[in-house]
Structure formats: C-alpha cells, structure tokens
Amino acid sequence: MQPLGPSVRRTLSIRTRDAPPLLPSDTGQGYRTVKAKLGSKKVRPWKWMPFTNPARKDGAMFFHWRRAAEEGKDYPFARFNKTVQVPVYSEQEYQLYLHDDAWTKAETDHLFDLSRRFDLRFVVIHDRYDHQQFKKRSVEDLKERYYHICAKLANVRAVPGTDLKIPVFDAGHERRRKEQLERLYNRTPEQVAEEEYLLQELRKIEARKKEREKRSQDLQKLITAADTTAEQRRTERKAPKKKLPQKKEAEKPAVPETAGIKFPDFKSAGVTLRSQRMKLPSSVGQKKIKALEQMLLELGVELSPTPTEELVHMFNELRSDLVLLYELKQACANCEYELQMLRHRHEALARAGVLGGPTTPASGSAPAPAEPAVSEPGLGSDLSKDTIIDVVGAPLTPNSRKRRESASSSSSVKKAKKP
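From a predicted model like this one, the values you see are computed outputs, not experimental measurements.

Calculation notes
Residues numbered from 1 in each chain as written. Predicted model: local features only at pLDDT ≥ 70, side-chain atom pairs only at ≥ 80, totals over all residues. Heavy atoms only, no water. Helix = DSSP H or I, 4+ residues; strand = E, 2+ residues; numbered from the N terminus. Buried < 20%, exposed > 50% of the residue type's maximum accessible area, 1.4 Å probe, protein only. Contact = heavy atoms within 4.5 Å. Areas by Shrake-Rupley, 256 points an atom, 1.4 Å probe, with all protein chains shown as cover. Patch = residues over 30% accessible without salt bridge, like charges linked within 9 Å, V, L, I, M, F, W, Y side chains within 5 Å. Salt bridge = Lys/Arg side-chain N within 4 Å of Asp/Glu carboxyl O. Expected span 1.5 Å × (residues − 1). Axes fitted to C-alpha atoms, helices over the stretch in contact; angles between N-to-C directions. Parallel < 35°, antiparallel > 145°, perpendicular 65-115°, else oblique. Nonpolar A, V, L, I, M, F, W, Y, C, P; charged D, E, K, R; others polar. Phe/Tyr/Trp six-rings, centres within 6.5 Å; stacked < 30°, edge-to-face > 60°. Lys NZ or Arg CZ within 6 Å of the ring centre and 35° of its normal. Core = buried A, V, L, I, M, F, W, Y, C linked by side-chain atoms within 4.5 Å.

Caption draft 1: Region of interest: the overall build of the chain. Scanning the chain from N- to C-terminus turns up 12 helices and 2 strands. For the chain, the sequential pattern of α-helices and β-strands runs α-β-β-α-α-α-α-α-α-α-α-α-α-α. Across the 419 residues that make up the chain, the buried fraction comes to 21%. Here the contacts in the chain between residues at least 6 apart in sequence split such that 54% fall between residues at least 24 apart. Of the roughly 33,300 Å² of accessible surface on the chain, a fraction of 55% belongs to carbon and sulfur atoms.

The structure is reproduced here in structure tokens:
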C-alpha cells in the first residue's frame, strides 16, 4: 500500500475536523445573496373564507385564502374601484333650468342612467342607447347634452364667491375634427402622391429662398467692403504724410474680412523677406488665384515683381482690389442668372394662362408659340407640376454663357477667313 500524499492528508484532516452543518448558515462569506433566516415563531394560519366585492351591486359571493387575523375585513382591492360622480337633478330643477325642446325628460333620464352605468364611456353609451324608443343621436349630441346639463347645474348650485370649474364641450369642433379625419383616411393613392410631391416642392422652394437670402447678404457685404475700401483710399490721399496718433488710427472703420485679401502681418521679431509678404494667404482658393493671375496678365502687370517696400504695399492693394472686383462680378452674374430664371418661369406661366395676361417676350427674341397643356391625372390641373414650379428650358449659367459666346466668336472668325 502506497503512502498518501500531502494534499490528500490535508483534505482528510479538514473533513474530519468539523462536522457538516445541519442548517444553512450565513457566515458573510460565499454567496452574495442573503440566505433565509428561519426563526422559531409559529406560522401565521391561513383560512379559506368567503368574501364580497363592494364594487359589485349583485351581491356575488366568492372564496379565497386569507390570513385568519384578517377575517371580517373589507376586500383590499375594492379601493381601486373609482366611479364617476354623475349629477342628479330634481323635477323642479329640470323644469326651471334644464328644459330643452329637442330633448324630452324621459330621454334625458335615459342618458344620465347610461352615464352612471358605463362611467361616461360615451362610445358604449351610444351603442347601448335606445334608438328605437328615442330619436337617433350621435356621440357628439349625447356629449353636448350631458355637459350642458352639468354646466347649468354647476352655475345654479354654486355658492357666491367660489371659483367654478365648469366643463365645456365644443360639439361643432369635434364634428369638424372627425370629418377632417375621415377625409384624410379616404384619400386616394393619387391624392397622397400629389401631397407628397407638393411637400417636396415646398421644401425645395424654402431651400432656394434661404440660398437667395444668403447670397443677398454676401452681396451686401461685398458692396459695403468696396465702399469702405474706396472711402479709405480717398482719406489716405487727402491726409498729410505724417504719422497719425494711435487714437485716430483706431477710430478708422474696420474693413470686413470679405473685402479682397487679408494679408498676414509680420510683427514678430526677426528678419523677414519682402517677397514673403507678397505671398497669397491659404484662404484664397485656386479658382481665385487663377482668375487673379489672368486679370494681372490682362493689365500687363508682372506676377512676381521686384519686391521693394513701396511696391509690395501697392502690389498687395492691387491684388486685393482685383479679388474684390472678381467677387462682385460673380455676384452680378448670379443675380443675372436668377433674373433670367425668373423671366423664363414668368413666360412659362403666361403661356399656360396662369397669370391671365399677355406674354412679354424677352428683348430681341420673337414670341414663342403656345405649348400644349400637359394634363396629369389626379391633380385637377391642365398644367404639369414641373412647368409651374421648375424652370422651363434651362437658362444660361454664367459659365455656359461664356462658352457659347466664345464658340460664336470663333465661328465668326472662321467665316471671315473664308474667301
């Protein structure tokens, strides 16, 4: 027989040292959840006993298990039964305040009896209403009669000087609401598609309107910058060549950032080159740089002149003015494009007969023949949607206009060279 190892001997000694527990113990170690603590008290007895629900009026008897100490107490869930307090009126009050030619007293009593039975669930009341004995009424008629009587009794029975909470029901508004809901539900697929199309076009119109407003603001900034720059130039020419005080320089109107080019100021200590101050900042795009070089070549100005102190200042001012001129030309071209687009739209609407007036053709062009009306199912109009909202015939953009002019000039040159 082989001897036992140390681990086995240790396990046997642990097992034989303590006896196993008879009851589960809570030592605070091991399981995280708290174990049940069994006491030595007697268990409370339960009893199978009958009970009645006070919410029921038929006196039905039921049975359930309940603690013996709670025998004879009311059913605990009866407190959740909430009833609506429906007012009660007397014969004298009805004759004095509640009489209505469209309603009899028997019909009013029947309405209030159903209101108490079904807790003002007017859809159920309308379903259980006796339409054979009385006049056929709608749900809105029943609500209007009930709340009118409640408001009248509240006014009559109110104590002077107290704040009244009078219920109000607008039967006309409720009828219109249901009628509109029924119309919305009974729409045809063509009408739904038309509404979606009109909503999309409305969003497009709003987007174009915001874009036009933004362009007008940018144009106004450019005009203000041009006026400010011209005013500063005139002031500099008139002023004597001497160093002005610091206060007067601070009082000069600041030029907006959109006014041409804003060159960086080299105020740091150290040596700088004049040619470094002639470099265009990174905020100027490649399109503007190419346009600026083209304008300088047209004016016969060198792109990289010899950098003297006075020439650097004049060259930077010239390029700033040219960039401002380029932006103003772009804004003017955009305005012309929008004007031409609106003119085409006006002509399209006039040809379709929407405006109800004679068509005013563009200058230098013959009046266009009337186009046949395009009908579209489900819209109820002889004019197509695209004709009214979008532009008929794409107008010339500034770039396309330049290409067309260059093509026409080249064709005229070719014709002139022919014998």
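Next comes the rest of the description.
Caption draft 2: A nonpolar patch on the surface, seen in detail. Among the surface-exposed residues, Trp46, Trp48, Met61, Phe63 and Trp65 lie close enough to one another that they form a single nonpolar patch of about 660 Å² accessible area. If one sorts the elements of the nonpolar patch by residue count, strand E2 (residues 61-67) sits on top with 3 residues. Here methionine 61 is to be found in strand E2.

Caption draft 3: Structural detail: the pattern of salt bridges. By the definition in use, this model includes 19 salt bridges. Measuring nitrogen to oxygen at the nearest pair gives 2.8 Å for the salt bridge that ties arginine 157 to glutamate 93. Taken together, the residues span a long stretch of sequence, with arginine 157 in helix H5 (residues 139-157) and glutamate 93 in helix H2 (residues 91-98) at a distance of 64 residues. Among the residues examined, arginine 157 registers a relative accessible area of 41% and is labelled partly exposed. Since its relative accessible area comes to 18%, glutamate 93 is described here as buried. For aspartate 127, the salt bridge goes to arginine 128, with nearest N and O atoms at 3.6 Å. Among the residues examined, aspartate 127 registers a relative accessible area of 57% and is labelled exposed. Of the residues examined, arginine 128 reaches a relative accessible area of 48% and is grouped as partly exposed. Within this structure, Glu91, Lys105 and Asp109 form a network of salt bridges that share partners.

Caption draft 4: Inspection of unusual backbone geometry at higher detail. Positive phi, close to 50 degrees, is recorded for aspartate 119, a residue that is not glycine. Among the secondary structure elements, aspartate 119 is positioned in the loop between helix H3 (105-117) and helix H4 (122-128). Look at leucine 120: it is not a glycine, yet its phi comes out positive at around 60 degrees. Its location among the elements puts leucine 120 in the loop between H3 and H4.

Caption draft 5: Fine view of H5. The end-to-end C-alpha separation of H5 is 27 Å, in line with the 27 Å expected for 19 residues at 1.5 Å each. Residues Val139, Glu140, Leu142, Arg145, Tyr146, Ile149, Cys150, Ala151 and Leu153 constitute the buried set of H5. Buried residues along H5 sit in contact with H2, H3, H4 and helix H6 (171-185).

Caption draft 6: View of the packing of H3 against H5. Across the interface, H3 lies against H5 with an axial gap of 11 Å and an inter-helix angle of 90 degrees. Here H3 is positioned roughly perpendicular relative to H5, judged by the angle of their axes. Here Thr108, Leu111, Phe112 and Ser115 of H3 come into contact with H5, specifically with Leu142, Arg145, Tyr146 and Ile149. Counted by class, the contact of H3 with H5 contains 5 nonpolar, 2 polar and 1 charged residues.

Caption draft 7: The packing of aromatic side chains, seen in detail. Summed over all chains, the structure comprises 14 aromatic pairs. Summarising the aromatic geometry, the rings of phenylalanine 122 and tyrosine 146 are spaced 5.8 Å apart at their centres and angled 65 degrees between planes, so their arrangement reads as edge-to-face. Here the residue phenylalanine 122 occupies a position in helix H4, and tyrosine 146 occupies one in helix H5, the gap between them amounting to 24 residues. Residue phenylalanine 122 is classed as buried on the basis of its relative accessible area of 6%. Positioned over the ring face of tyrosine 94 is lysine 105, at 5.8 Å from the centre of the ring.

Caption draft 8: Quick look at the nonpolar core. In terms of nonpolar packing, the biggest core is built from 20 residues, with Leu111, Phe122, Ile125, Tyr129, Leu142 and Tyr146 touching the most fellow members. Breaking this core down by element, the ones donating at least two residues are H2, H3, H4 and H5. Broken down by element, the residue count for this core peaks at 6 residues, all from H5. For phenylalanine 122, the contacting residues outside a window of four places in its chain are Val139, Leu142, Lys143, Tyr146 and Tyr147. If you look at the next biggest cluster of nonpolar residues, it comprises 8 residues, including Ala291, Met295, Phe315 and Tyr326.

Caption draft 9: Region of interest: the environment of lysine 152. Its location among the elements puts lysine 152 in helix H5. Distance in space between the C-alpha atoms of lysine 152 and leucine 98 is 7.4 Å, their sequence separation being 54 residues. Leaving out residues up to four positions away in the same chain, lysine 152 has contacts with Tyr97 and Leu98.

Read these as layout, nothing more, since geometry by itself doesn't imply function.
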